[in-house]
Amino acid sequence: MTALCTIPALYSRGHKLDEGDHEIGILNSIPHTGIGRDSLQGRISEDGYLFLRDYLDKDEVLAARRHVLEQLAAEGKLDPSAPLMEGVPKSETELYFQPELAQNNPPLQHLLYAPQGRLMRCFSNFLGGEVRHFDFTWLRCISPGLGTPSHCDIVYMGRGTRKLYTAWVPLGDTDFQAGGLMILEGSHKNVRLQNTYGQRDVDSYCTNRPDIQTKTDSGRNGWLSEDPNKVRKSLGGRWLTSEYNVGDVVIFCMDIVHGGLDNRSHRLRISSDSRYQLASEPADDRWVGENPPGHTSAGKRGRIC
Ligand SMILES: O=C(O)CCC(=O)C(=O)O
Ligand SMILES: [Fe+2]
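Quick caveat: nothing in here was measured; it's all calculated off a predicted structure.

1. Let's talk about helix α4 (residues 106-113)
Stage number 1. The complete set of buried residues in α4 reads Leu108, Leu111, Leu112 and Tyr113. Summarising the axial view, the buried residues of α4 lie within an arc of 160°, below the 170-degree limit, and thus occupy one face.

Have a look at this one:
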């Protein structure tokens, strides 16, 4: 585990995270052998996340990264003078969210969804039954610049079971400079947040009040705030993060507040986030099927406001 004193200044959305032992900490990793369902469940209820270091097959992760980078190189987005696997974008390249690069990426699909693969087996052990994954994969190639604002995933995918989990997988070593996932300690236990912000659905709109449409859920992008210090002061807890290596995975619940650190390196920060639940539970139909509608107009839902 990285010692606290080695954490450099960290930024999210251009804000320098408040420093200090009560403000920032390192995610706790757990052993991934000989740990049964009850302890995994106990851990996620307590912490809201499971950090499994060195869990996935490194060659598979690197094959998925290579596939992404080969596509970006073919599109002329990468600096051709740097080695492909470095993932250095051209200065004019602005990338953030590239889900299309997950679709035709067999190594990534295998890594995340192979029924006998490590990740799917981990989920069936953790959830105690047959697992269904969302068919949509959130693939992020984050250019140097601002990271993902603080949010909870439930507002994007809450139409099925709330017992749904995200797996965040760095597709390449991700140091503090490149900026990976950060999680707000204990925020999944905040009942007030769950009863307010946590009830939103970013794709819902008011059928009876078109005039206030933009002020309700559909007019927002689901972010909790652009200011991570404000979020921390209001909800309590520390921002927890880590440097990540190829093979690591962080699994977390729908109600935990999280975001991404800014990318202050010269390389792309590449990662995927994918979702898993028990097959027997209802699934959010925006994200399953051959061509998931996602946040397009087909995924919008009217309601009386
Ligand atoms: O990778 C990021 O920047 C954000 C990740 C995230 O929001 C997620 O995994 O749900
Ligand atoms: Fe998220």
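2. Observations regarding the coordination of the iron ion (ligand 2)
Stage number 1. The coordination sphere of the iron ion (ligand 2) contains the protein donors His151 (NE2), Asp153 (OD) and His258 (NE2), at a distance range of 2.1 Å.
Stage number 2. For the iron ion (ligand 2), all donor residues lie on one chain, and their spacing in sequence is H-x1-D-x104-H. Pair noted here: His151 is in the loop between β6 (138-142) and α6 (154-157) and His258 is in strand β12 (residues 258-260), with a separation of 107 residues, a long-range link. Summarising the burial analysis for this pair, His151 and His258 share the class buried.

3. What to know about the packing of helix α2 (residues 58-74) against α4
Stage number 1. For the pair α2 and α4, the least separation of the axes is 7 Å and the interaxial angle reads 140°. Relative to α4, the element α2 is oriented oblique. As α2 runs across α4, the sense of the crossing is left-handed. Here α2 contributes Glu60, Val61, Ala63, Ala64 and His67 to the contact with α4, which in turn contributes Pro106, Pro107, Leu108, His110 and Leu111.
Stage number 2. Looking at side-chain class alone, the contact of α2 with α4 contains seven nonpolar, two polar and one charged residues.

4. What about the sheet that holds β12?
Stage number 1. With mixed pairing, four strands are arranged side by side in an open sheet as β3-β10-β8-β12. Edge positions in the sheet fall to β3 (24-26) and β12, since each of these pairs with one other strand and no more. Taking the axes of each pair of neighbouring strands and ignoring which way they run, one obtains an average angle of 30° across the sheet.
Stage number 2. In this sheet, strand β10 (residues 239-241) lies alongside β3 in parallel orientation, the contact comprising three bridges. For Gly25, the partnering residue across the bridge sits in β10 and is Leu240.
Stage number 3. Contacts between helix α8 (residues 228-235) and the sheet are confined to β8 (181-184) and β10, with β8 contributing the most and set at about 25° to the helix.

5. Observations concerning the environment of Pro89
Stage number 1. Following the sequence through the fold, Pro89 ends up in the loop between α2 and α3 (100-103).
Stage number 2. Of the residues examined, Pro89 reaches a relative accessible area of 10% and is grouped as buried.
Stage number 3. When the C-alpha positions of Pro89 and Leu268 are compared, they lie 6.5 Å apart, and in sequence the two are 179 residues distant.

6. What about the side chain of Asn229?
Stage number 1. Here Asn229 shows up in helix α8.
Stage number 2. Of the residues examined, Asn229 reaches a relative accessible area of 9% and is grouped as buried.
Stage number 3. The contact partners of Asn229, leaving out residues within four places of it in the chain, are His15, Lys16, Leu17 and Asp18.

7. Digging into helix α1 (residues 37-47)
Since there are 3.6 residues in each turn of an α-helix, residues three or four apart along the chain are aligned in direction.
Stage number 1. Listed as buried for α1 are Leu40, Ile44 and Asp47. When α1 is viewed along its axis, its buried side chains cluster within an angular range of 85° and face the same direction.
Stage number 2. Note on α1: the residue one or two positions beyond its end, Gly48, has a positive phi of about 85°.

8. Some words on the packing of aromatic side chains
Stage number 1. The final tally for this structure, using the stated rule, is ten aromatic pairs.
Stage number 2. With a centroid separation of 4.1 Å and an interplanar angle of 10°, the aromatic rings of Phe123 and Tyr276 are classed as stacked. Highlighted residues: Phe123 in helix α5 (residues 118-127) and Tyr276 in strand β13 (residues 269-278), separated in sequence by 153 residues. With respect to class, Phe123 is no different from Tyr276; both count as buried.
Stage number 3. A network of ring pairs unites the aromatic residues Tyr113, Phe123, Phe126, Tyr165 and Tyr276 as a single cluster.

Rules and cut-offs
- Residues numbered from 1 in each chain as written.
- Chains lettered and ligands numbered in written order.
- Predicted model: local features only at pLDDT ≥ 70, side-chain atom pairs only at ≥ 80, totals over all residues.
- Heavy atoms only, no water.
- Buried < 20%, exposed > 50% of the residue type's maximum accessible area, 1.4 Å probe, protein only.
- Helix = DSSP H or I, 4+ residues; strand = E, 2+ residues; numbered from the N terminus.
- Arc of directions from axis to C-beta.
- Donors = N, O, S within 2.8 Å, 3.2 Å for Na, K, Ca; no water.
- Axes fitted to C-alpha atoms, helices over the stretch in contact; angles between N-to-C directions.
- Parallel < 35°, antiparallel > 145°, perpendicular 65-115°, else oblique.
- Left-handed = near helix turned anticlockwise from the far one by under 90°.
- Contact = heavy atoms within 4.5 Å.
- Nonpolar A, V, L, I, M, F, W, Y, C, P; charged D, E, K, R; others polar.
- Pairing = 2+ DSSP bridges.
- Phe/Tyr/Trp six-rings, centres within 6.5 Å; stacked < 30°, edge-to-face > 60°.

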